[in-house]
Amino acid sequence: DLADIGVTGLAVMGRNLARNLARHGYGVAVHNRSAGKTRALVEEFGHEGTFHPAEDLESFVASLKRPRRAIIMVKAGAGTDAVIERLAALMEPGDMIVDGGNAHFEDTRRREAALRERGIHFVGAGISGGEEGALNGPSIMPGGSRESYEALGPILEDIAAKVDGVPCATYVGPDGAGHFVKMVHNGIEYADMQLIAESYDLLRQASGLSPAELAGVFREWNAGELESYLIEITAEVLDQVDAGTGRPLVDVIVDRAEQKGTGRWTVQSALELGVPVTGIAEAVFARALSGHPEQRAAARSLAGPDEGPVAGRELVEDVRRALYASKIVAYAQGFDQMAAASREYGWDLDLGAMATIWRGGCIIRARFLDRIREAYDENRELPTLLTAPAFAGALAEAQDSWRKVVATAARIGVPTPGFSSALAYYDGLRRDRLPASLIQGLRDYFGAHTYQRVDKEGVFHTDWSGDRAEHQA
Ligand code: NBP
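Residues numbered from 1 in each chain as written. Predicted model: local features only at pLDDT ≥ 70, side-chain atom pairs only at ≥ 80, totals over all residues. Heavy atoms only, no water.

Time to look at the overall build of the protein chain. In terms of helices and strands, the protein chain carries 20 helices and eleven strands. Since a compact globule built from 473 residues should have a radius of gyration of about 23 Å, the 25 Å found for the protein chain is in line with a globular shape. The C-alpha extent of the protein chain, read off along each of the three principal axes, is 80 × 70 × 45 Å. Counting all 473 residues of the protein chain, 51% fall into the buried class. For the protein chain, the accessible surface area stands at approximately 21,900 Å², while carbon and sulfur atoms represent 51% of it. (Helix = DSSP H or I, 4+ residues; strand = E, 2+ residues; numbered from the N terminus. Rg over C-alpha atoms; globule rule 2.2 N^0.38 Å. Buried < 20%, exposed > 50% of the residue type's maximum accessible area, 1.4 Å probe, protein only. Areas by Shrake-Rupley, 256 points an atom, 1.4 Å probe, with all protein chains shown as cover.)

In structure tokens:
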């Protein structure tokens, strides 16, 4: 009697994923480096399904049906390589190793290539939704061979979240594609949270609304086009009162945002690919700024504007629109990054399908993602999401409010890097002529880097240090 699938690494994520599999009727081999976690899982949750506990990797692998399917859920990094190596040594060609951790996609590309040589399918699967998602239905983004998806896909789709009956799991693409898409998902999550934080901050400073009042505002917003998990839980956090002090919890939490690194990875990759993901980058940098207490203490004495609170509740609707417009920009940029990576690495990503599997299970789940899917359904080759009819219309409706919000924030000295950079991006893309022409002129002046002309073909250089005549290069 062999197990259908195995999970090694039984911390919060692995344990819940194993339980999710067992609850769906699969026989699950379970293993953890330290055997205590394996025993605890079977003792506490053994009644939920069929578990095959293994004290060592040899018996774990031996307890799996062929072709073997083993999911690794250990801390990403060197430990993952060690576990892969040990598993691979015990496996046979045709077997499948799935890394469900938060690996960097370049590591996944390297691991996939190495295991492919040995005939073993390596699947880098991004899994989103935290512990709760792992147990009740995550969003799953598996990358690897098509062949491996035939054996794994039905199980993953079975345990994934469902929206309108559609599973939040699909084949993403070869090698590192799944972990790449998961990384961009996390990057977009950073941008979403930054925009939410700016909305809160500006309304609190400019309109004088209390956290409890703002909880109500977010709750209202959650009934409209902004409906999403993050807006929903923002209301919960803002409503929370600290038991000890009686103050809003948000006022007693240290204002220093931490990060585990997937936002930074997204921006690093975007820099390599040459894709402006300003929304995500500003979010990563805003967290970094919050984490420099000495600089912040020193800078508190710097001059600010005289203006105090400027508005009442009338700003609420403007901020809602600015948030929605900036969110459209952040997602457009993230999808551009996936399109660029797809071209760079030959992944043939289906962007509409990525929006589909993010509709449930994951942190950025939102009604909004249906619109993105529809936009790509209409036109797979969309040059930018901003010009999809639904979004172009929303941006047109929002832009006056957006400009007002950015101007108000600047006037009263509330930093809104997310709103401001998103608006700058929007205006930049819209421009007929950009000052990039001047930059090209400067580059040609100091470095003879040449330029092209609007009125004729070819590459040109002006002899800046000589007679200033133009020559065709
Ligand atoms: P952790 O990331 O906290 O990792 C703990 C697990 O890794 C334990 O099972 C531990 O075994 C095992 N492990 C370590 Br550490 N080094 C090992 C090694 N050298 N060999 C074998 N096992 C080793 O667990 P988690 O929070 O459940 O996350 C698992 C993965 O899922 C991570 O890659 C994480 O980034 C990813 N992820 C997490 C979340 C989340 O919300 N937590 C969401 C999405 C993805 P031990 O018990 O013997 O120490």
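There is more to say after this.
On to the pairing of strand β1 (residues 5-8). What you see with β1 is no split at all: Ile5 and Val7 on one side and Gly6 and Thr8 on the other are buried throughout. Relative to strand β2 (residues 28-31), β1 is paired through four bridges, and the arrangement is parallel. Across the sheet, residue Thr8 finds its bridge partner in β2, namely His31. One crossover worth recording links β1 to the parallel β2 by way of helix α1 (residues 12-23), and it is right-handed. (Pairing = 2+ DSSP bridges. Right-handed = clockwise from strand over helix to strand, strands pointing away.)

When the UniProt feature table is mapped onto this chain numbering, "binding site: substrate" (unreviewed entry) sits at Asn102, Ser128, Gly129, Gly130, His185, Asn186, Tyr190, Lys260, Arg287, Arg443 and His449. Taken together, the annotated residues stretch across 348 residues and extend over separate regions, lying up to 49.0 Å apart by C-alpha. Of the residues named above, Tyr190, Lys260 and Arg287 line the largest pocket. One can find Gly129 in the loop between β6 (121-128) and α6 (130-136). Under the relative-accessibility criterion, Gly129 is labelled buried at 12%. Beyond its immediate stretch of four places on either side in the chain, Gly129 contacts Gly361, Cys362 and Ile363. In this structure His185 comes out as buried when scored by relative accessible area, which is 0%. Those residues in contact with His185, other than ones at most four positions away along the chain, are Ser128, Trp358, Cys362, Ile363 and Ile364. (UniProt positions renumbered as here; feature names shortened; annotations may be inferred. 1 Å grid on protein atoms, 1.4 Å probe; cavity = no way out; pocket = protein on both sides within 12 Å on 5 of 7 lines; lining within 4 Å. Contact = heavy atoms within 4.5 Å.)

Enumeration according to the criterion identifies 14 aromatic pairs in this entry. An aromatic cluster is present here, built from Phe105, Phe180, Tyr345 and Trp347 joined pairwise through their rings. Over the aromatic face of Phe45 sits the side chain of Arg19, whose NZ or CZ is 3.5 Å from the ring centroid. Residue placement shows Arg365 over the ring face of Tyr229; its charged tip is 4.0 Å from the ring centre. (Phe/Tyr/Trp six-rings, centres within 6.5 Å; stacked < 30°, edge-to-face > 60°. Lys NZ or Arg CZ within 6 Å of the ring centre and 35° of its normal.)

With that out of the way, let us pick up the sheet that holds β1. Read from one edge to the other, the open sheet built from seven strands follows the order β3-β2-β1-β4-β5-β6-β7, with strand pairing classed as mixed. Either end of the sheet is taken by a strand with one partner, and the two such strands are β3 (51-53) and β7 (139-143). Strand-to-strand twist in this sheet, taken as the mean axis angle between neighbours without regard to direction, amounts to 25 degrees. (Axes fitted to C-alpha atoms, helices over the stretch in contact; angles between N-to-C directions.)

What follows deals with the nonpolar core. With 94 residues, the main nonpolar core has Trp221, Phe335, Met338, Trp358, Ile372 and Trp402 as its most contacted residues. Residue contacts for Phe335: discarding those within four places in its chain leaves Leu351, Met354, Ala355, Trp358, Ile372, Tyr376 and Leu385. Of all hydrophobic cores here, the second largest spans 29 residues; its members include Tyr26, Leu41, Phe51 and Met73. (Core = buried A, V, L, I, M, F, W, Y, C linked by side-chain atoms within 4.5 Å.)

Let's shift gears to the pattern of salt bridges. Following the criterion strictly, the structure yields 33 salt bridges and no others. With a shortest N-O distance of 2.4 Å, Asp4 and Lys65 are connected by a salt bridge. Placement of Asp4 in the segment before β1 and of Lys65 in the loop between α3 (57-62) and β4 (69-72) is noted, with a sequence separation of 61 residues between them. On the basis of relative accessible area, Asp4 is assigned to the buried category, the value being 14%. Among the salt bridges present, the one from Glu225 reaches Arg320, with a minimum N-O distance of 3.0 Å. (Salt bridge = Lys/Arg side-chain N within 4 Å of Asp/Glu carboxyl O.)

Unoccupied space between atoms shows up once a probe the size of one water molecule is rolled over them. The computed volume of the largest pocket comes to approximately 1,800 Å³. In terms of lining, the largest pocket is formed by 45 residues, of which the most central are Gln194, Ala197, Tyr200, Asp255 and Ala257. Counting only elements with at least two residues in the lining of the largest pocket, the list comes to α8 (177-207), α10 (229-239), α11 (249-252), α13 (278-290) and α14 (293-299). Per-element accounting of the lining of the largest pocket gives the leading share, ten residues, to α8. (Points joined across faces, edges and corners; volume = space filled by probe spheres on them.)

Before going further, it helps to examine the environment of Glu189. Tracing the chain through its elements places Glu189 in helix α8. Overall, the relative accessible area of 16% leaves Glu189 in the buried class. Between the C-alpha atoms of Glu189 and Leu351, which are 162 residues apart in sequence, the distance is 17 Å. When residues no more than four places from it in sequence are discounted, the contact partners of Glu189 are Leu230, Ile363 and Ile364.

What follows covers the site of the ligand. Around the ligand lies a shell of 19 residues, among which Met13, Asn32, Arg33, Ser34 and Lys37 are the nearest. Secondary structure elements with two or more residues in the shell around the ligand: α1 and α4 (78-90). Class assignment of the residues belonging to the shell around the ligand gives a composition of nine nonpolar, seven polar and three charged. (Near = heavy atom within 4 Å. Nonpolar A, V, L, I, M, F, W, Y, C, P; charged D, E, K, R; others polar.)

To continue, consider the pairing of β6. The element β6 is extensively covered by neighbouring structure, given that eight of its eight residues are classed as buried. Here β6 shows no split at all, with His121, Val123, Ala125 and Ile127 on one side and Phe122, Gly124, Gly126 and Ser128 on the other all buried. Bridge count for strand β5 (residues 96-99) against β6 is four bridges, and the pairing is parallel. If you follow Asp99 over to β6, its bridge partner there is Gly124.

The first and last C-alpha atoms of helix α20 (residues 436-447) sit 16 Å apart over twelve residues, in line with the 16 Å expected at 1.5 Å per residue. Among the residues trailing α20, Ala448 stands out with phi positive, at a value near 50 degrees. (Expected span 1.5 Å × (residues − 1).)

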